[in-house]
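Working through the structure, step by step
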Amino acid sequence: MHELSIVQNIIKIVAIEAKNSGVERVTEVNLEIGQLSGIEFSSLEFAFKNLSPGSVIEGAEIYIEKPGGTARCSKCGNEFSIDTFLGSCNLCNSFDLEIIRGKELRVKSITIN
Amino acid sequence: MCDTCGCGNPGEKAVIRVPGEELINKEENLHEHEHKHEHEHSHPHSHDIYSDHHNHTGSDHYHDHDHSDITRKIVTIETDILLANNLMAERNRGMFEAKNLTVINLMSSPGSGKTILLERTISELKDNIQFSVIEGDQQTMNDAERIKKTGVPVVQINTGNGCHLDAEMINRAIKRLAPQDGSFVMIENVGNLVCPSLFDLGEGYRVVIMSVTEGEDKPLKYPNMFQSTNLCILNKCDLLPYLDFDISKAIEFGHQVNPRLQIIKLSAKSGEGMEEWYQWLKNIEG
C-alpha cells in the first residue's frame, strides 16, 4: 500500500503550488502514472478517497494519464511495447532490456479557479 | 496505516529507538484528523480535454460537465511524485559518501532470513569490518534486540503501519546510529517485496533475499523488486534436499527480470555458501 504515500506526496506537491497561487482548493489535478511504475490503480483510488477530505484536493477531479511501457533492447537497440518487466526483445530475444517509458510518476499540472 | 481513516503517514509516524529505550512520547505518533463526511470524494477518471466527456474508472456512465469557466487557470507543475523522497535519498547518499560508509538495503518477504543472515555475518566478520544496523519493522524491538546481542550499534525504526522505509526515516535513524567513518551500515527493510522497491534510501547497494522455501517464481511475481537489486541471496539452501525447489529455474527467472543480477546460494543457519557473500561484501567495501 505504498499508494498511500504516493497520494500523500501528490497532496503535498499540489498544496505548495496552490499556496503559491493563493488558493485553498484546486479543481483539477493532472497526473502521469506509467503502467510499469509499480502503482496499483485501484489502491490509488482508495488512497485518494481516504486522503482527499479536508485537503487541498478535496472535490477536485483527478485525471490520470497512464502511458504504457516501452523497452529498448540493450543488445540490438530495438524499441518495442511491453506490459510487464518480463519478456525478451522481439527481434534478438535478449532479456537485457531498458525500460524507457512506463515508469512515470508525475504531477503534470493543476487547475485552479 | 492509520486505523481511523486508512491514511499512512510513514515519515511522520515512524518511531526510532535503540534497544532498551522506552517509548516516551506516544502523542508524537498521533496525527490530526479533520474528517468531514458531507462532501464529494474526488475520483480518478480519464478525460478528453477537447470535449466535456469523461469516463469514470470503475463505472460505465458518461456525463457532461462544464469546463467553460473562464476564470480557471492551469498551473504546470511537472514534478516527480517521489521528488521529496528522492531529494532526501540524495542528501543521505552525499552524507554516506562523505563518511565513506558502505550502505546496503536488505529487502525480502517476511521470514526469508534477513535477521539471521545479519546476525551470522556480523558475528563472523566484526573483527575485520565495522558494522552498524538499522532495523525496519512495523512493530516491536525484537530484531534490534537480536542484533544488539552481536555487540554492534543498532537502531530500530517502527513504521507503525507503514509498509516500507523511506529516505526521511533513514536520515533520522542514521543520526541516532552515528556510524563510524568507513564502516558498513546494514538496513533491514520492512519484510515486503512490493513497496520498498520504490523508495530510494540513498543506499549504495540493494540486496534481495529469497529463501528456497518460497516459490522459485518470486522474481516473476515481484519484478519491480528484482529489477532494482544488485544481488539476490538464495537463503535456506540447507533445506534443498527436502524441498521441490528448482534452483536453476529460480536463477533463470531472476536473470529474465534482471540480466545483471548476481546470485549467491547460501544457508545463514548452516553456514554453507557464506564465504561467497563475505567476498561480495569485501569487494564492495568503500
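If you're wondering where the values come from, they're calculated on a predicted model, not measured in any experiment. Residue numbering note: each chain is counted from 1, following its sequence as written. Naming scheme: in the order in which they are written, chains are lettered from A and ligands are numbered from 1. Totals for whole chains, interfaces and linings use all residues, but because this is a predicted model, local features are given only for residues with pLDDT of at least 70 and pairs of side-chain atoms are given and counted only at 80 or more.

For chain A, the count of helices and strands is two helices and six strands. Reading chain A from its N end, one meets helices and strands in the order α-β-α-β-β-β-β-β. Taking 2.2 N^0.38 as the reference for a compact globule, 113 residues should give roughly 13 Å; the C-alpha atoms of chain A span a radius of gyration of 17 Å, well beyond that estimate. Reported as C-alpha extents along the three principal axes, the dimensions of chain A are approximately 55 × 25 × 15 Å. Burial statistics for chain A: of 113 residues in total, 43% are counted as buried. Two residues qualify as a contact pair if the distance between their C-beta atoms, derived from the backbone, is within 7 Å. Summarising the internal contacts of chain A: among those between residues at least 6 apart in sequence, 73% fall at separations of at least 24. Put simply, DSSP H or I for four residues or longer makes a helix, DSSP E for two residues or longer makes a strand, and each gets a number counted from the N terminus. Computation of the radius of gyration draws on C-alpha atoms, with the globule rule given as 2.2 Å multiplied by the number of residues to the power 0.38. Comment: burial labels come from other C-beta atoms within 10 Å of the residue's own C-beta, placed from the backbone, where a count of 20 or more is buried, 12 or fewer is exposed, and between is partly exposed.

Time to look at the overall build of chain B. Each helix and strand counted, chain B has nine helices and twelve strands in total. Looking at chain B residue by residue over its 286 residues, the buried ones come to 40%. When contacts within chain B are restricted to residue pairs at least 6 apart in sequence, those whose partners lie at least 24 apart make up 70%.

Residue and element names in this part refer to chain B. Packing of helix α2 (residues 83–98) against helix α5 (residues 167–177) leaves a shortest axis separation of 8 Å and a crossing angle of 30°. As far as their axial angle goes, α5 and α2 are roughly parallel. Every residue of α5 that contacts α2 at N85, M88, A89, R91 and N92 is listed here: A167, E168, I170 and N171. To obtain each axis, a line is fitted to C-alpha atoms, and for helices this fit is confined to the stretch in contact; angles are then taken between N-to-C directions over 0 to 180 degrees. Oblique is the label for every angle not falling under 35 degrees (roughly parallel), over 145 degrees (roughly antiparallel), or within 65 to 115 degrees (roughly perpendicular).

Our focus in this paragraph is the confidence of the model for chain B. All names here are of chain B. With 79% of its residues at a pLDDT of at least 70, chain B reaches an overall mean of 85. Throughout residues 1–11 the model reports pLDDT below 50, and contacts reaching past four residues in sequence, or to other chains, amount to 31 contacts. Each residue gets a pLDDT score, which is the predictor's confidence in that residue and runs from 0 to 100. Note on residues 47–54: pLDDT under 50 across the span, and twelve contacts to partners over four residues away in sequence or across chains. Confidence estimates for the predicted assembly give a pTM of 0.81 and an ipTM of 0.86.

On to helix α1 (residues 3–20) of chain A. Residues and elements named next belong to chain A. The span one expects for a helix is its residue count, reduced by one, times 1.5 Å. Relative to the 26 Å expected for 18 residues at 1.5 Å per residue, α1 spans 26 Å between its end C-alpha atoms, a close match to the ideal helical length. Turning to α1, its buried residues number three or more, namely E3, L4, S5, I6, V7, Q8, N9, I10, I11, I13, V14 and E17. With its phi angle positive at about 75°, G22 sits one or two positions after the end of α1.

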